[in-house]
Amino acid sequence: MLFRSDSGVSEMSLNLEFWSADAFSRYTPGKARLIGRKRYYECLEKAVELFGVGNVQSILVTGIESSEATLQAVRWLVERKIVPVLSPFRPILGAPLANMSAPQEEEVVDLYFAAREIAVSHDFYLGPRCVPCQCNTMSFPWDVPNQSL
């Protein structure tokens, strides 16, 4: 088995994307069919063992499934010291979900602050740590530890 010190890899992102079984199977059918939610959970937990606290993150796409489902995912991730990264859904012309509506600004802001509250209550934070990566996520550099602005 290749370990972090052997490979030079110091962190990883394993993107769950959706929490509810319905959204996971509907919007990530390949992941659902070939890997499954349970295996994703196991791999995320194992990654923290290998890479350490704060070195594993998982993107959650917001605005498609309910905010409650996304917040359940945030809670599950921070309880395991996996950094949640919230990325709001944006329809793209020509893509399969092009006709789906993007979440409203108020929904995005409310979800961000609710997720942030969950993370802080677990002495953790929302990611990503990489400031340039924050351009397409619901995050602020000043909320991420060890960042210089």
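Everything discussed here concerns the structure shown above.
Please read these numbers as outputs of a predicted model, since none were measured by experiment.

Visitor: Honestly, the overall build of the protein in this entry has me stumped. Any pointers?
Guide: Counting secondary structure elements, the protein contains six helices and three strands. Starting at the N terminus and ending at the C terminus, the protein contains elements arranged as α-β-α-α-α-β-α-β-α. Each principal axis of the C-alpha distribution contributes one length, and for the protein these read about 45 × 40 × 30 Å. Across the 149 residues in the protein, those meeting the buried criterion constitute 39%. Considering only residue pairs separated by 6 or more positions, the protein has 65% of its internal contacts joining residues 24 or more positions apart. Summed over all atoms, the accessible surface of the protein reaches about 8,500 Å², with 54% contributed by carbon and sulfur. Charged side chains of the protein number 14 positive and 17 negative; the gap between the two group centres comes to 8 Å.

Visitor: It is not clear to me how the packing of helix α5 (residues 67-79) against helix α6 (residues 105-121) should be interpreted in this structure. Could you clarify?
Guide: Helices that pack against each other are described as a pair by the angle of their axes relative to one another and the distance between those axes. Following both chains from N to C, one finds α5 and α6 inclined at 25°, their axes separated by 9 Å at the closest point. The angle between α5 and α6 places the two elements in the roughly parallel class. Viewed along their axes, α5 and α6 form a crossing whose handedness is right-handed. From α5, Ser67, Thr70, Leu71, Val74, Arg75 and Val78 reach across to α6, where they touch Glu107, Leu111, Ala114, Ala115, Ile118 and Ala119. For the contact of α5 with α6, a count of residues per class yields eight nonpolar, two polar and two charged.

Visitor: When you look at the environment of leucine 77 in this model, what are you seeing that I'm missing?
Guide: As for its position among the elements, leucine 77 is in helix α5. Counting along the chain gives 13 residues from leucine 77 to arginine 90, while the straight-line C-alpha distance between them is 23 Å. If sequence neighbours within four positions are ignored, leucine 77 has contacts with Leu44, Ser58, Leu60, Ile82 and Pro84.

Visitor: How do you make sense of the packing of aromatic side chains when you look at a structure like this?
Guide: The way to describe two aromatic rings as a pair is by their centre distance and the angle between their planes. Evaluation of the coordinates by the stated rule reveals seven aromatic pairs. Aromatic side chains tryptophan 19 and tyrosine 41 sit 5.3 Å apart centroid to centroid with 35° between the ring planes, which places their arrangement in the tilted category. Separated by 22 residues along the polypeptide, tryptophan 19 in the loop between β1 (12-13) and α2 (21-27) and tyrosine 41 in helix α4 (residues 37-51) bring together distant segments of the chain. Given a relative accessible area of 13%, tryptophan 19 falls into the buried group.

Visitor: In this structure, what is going on with the environment of alanine 119? I would like to understand it.
Guide: If you trace the backbone, alanine 119 turns up in helix α6. Sequence separation between alanine 119 and glycine 8 is 111 residues; the distance between their C-alpha atoms is 28 Å.

Visitor: It is not clear to me how a negative patch on the surface should be interpreted in this structure. Could you clarify?
Guide: A surface patch of like charges, here negative, comprises Glu105, Glu106, Glu107 and Asp110. As for its position among the elements, glutamate 107 is in helix α6.

Visitor: Is there a simple way to explain α6 in this structure?
Guide: Two residues of an α-helix separated by three or four positions point the same way, owing to the 3.6 residues in each turn. An ideal rise of 1.5 Å per residue puts 24 Å on 17 residues; α6 measures up with 24 Å between its terminal C-alpha atoms. Elements that come into contact with the buried residues of α6 comprise β2 (56-62), α5 and β3 (83-88). Positive phi appears at aspartate 123, one or two residues downstream of α6, with a value of about 55°.

The rules behind the values
Residues numbered from 1 in each chain as written. Predicted model: local features only at pLDDT ≥ 70, side-chain atom pairs only at ≥ 80, totals over all residues. Heavy atoms only, no water. Helix = DSSP H or I, 4+ residues; strand = E, 2+ residues; numbered from the N terminus. Buried < 20%, exposed > 50% of the residue type's maximum accessible area, 1.4 Å probe, protein only. Contact = heavy atoms within 4.5 Å. Areas by Shrake-Rupley, 256 points an atom, 1.4 Å probe, with all protein chains shown as cover. Lys, Arg positive; Asp, Glu negative; His and termini not counted. Charge placed at Lys NZ, Arg CZ, Asp CG, Glu CD. Axes fitted to C-alpha atoms, helices over the stretch in contact; angles between N-to-C directions. Parallel < 35°, antiparallel > 145°, perpendicular 65-115°, else oblique. Left-handed = near helix turned anticlockwise from the far one by under 90°. Nonpolar A, V, L, I, M, F, W, Y, C, P; charged D, E, K, R; others polar. Phe/Tyr/Trp six-rings, centres within 6.5 Å; stacked < 30°, edge-to-face > 60°. Patch = residues over 30% accessible without salt bridge, like charges linked within 9 Å, V, L, I, M, F, W, Y side chains within 5 Å. Salt bridge = Lys/Arg side-chain N within 4 Å of Asp/Glu carboxyl O. Expected span 1.5 Å × (residues − 1).

By themselves, these figures tell us nothing about what the structure is for.
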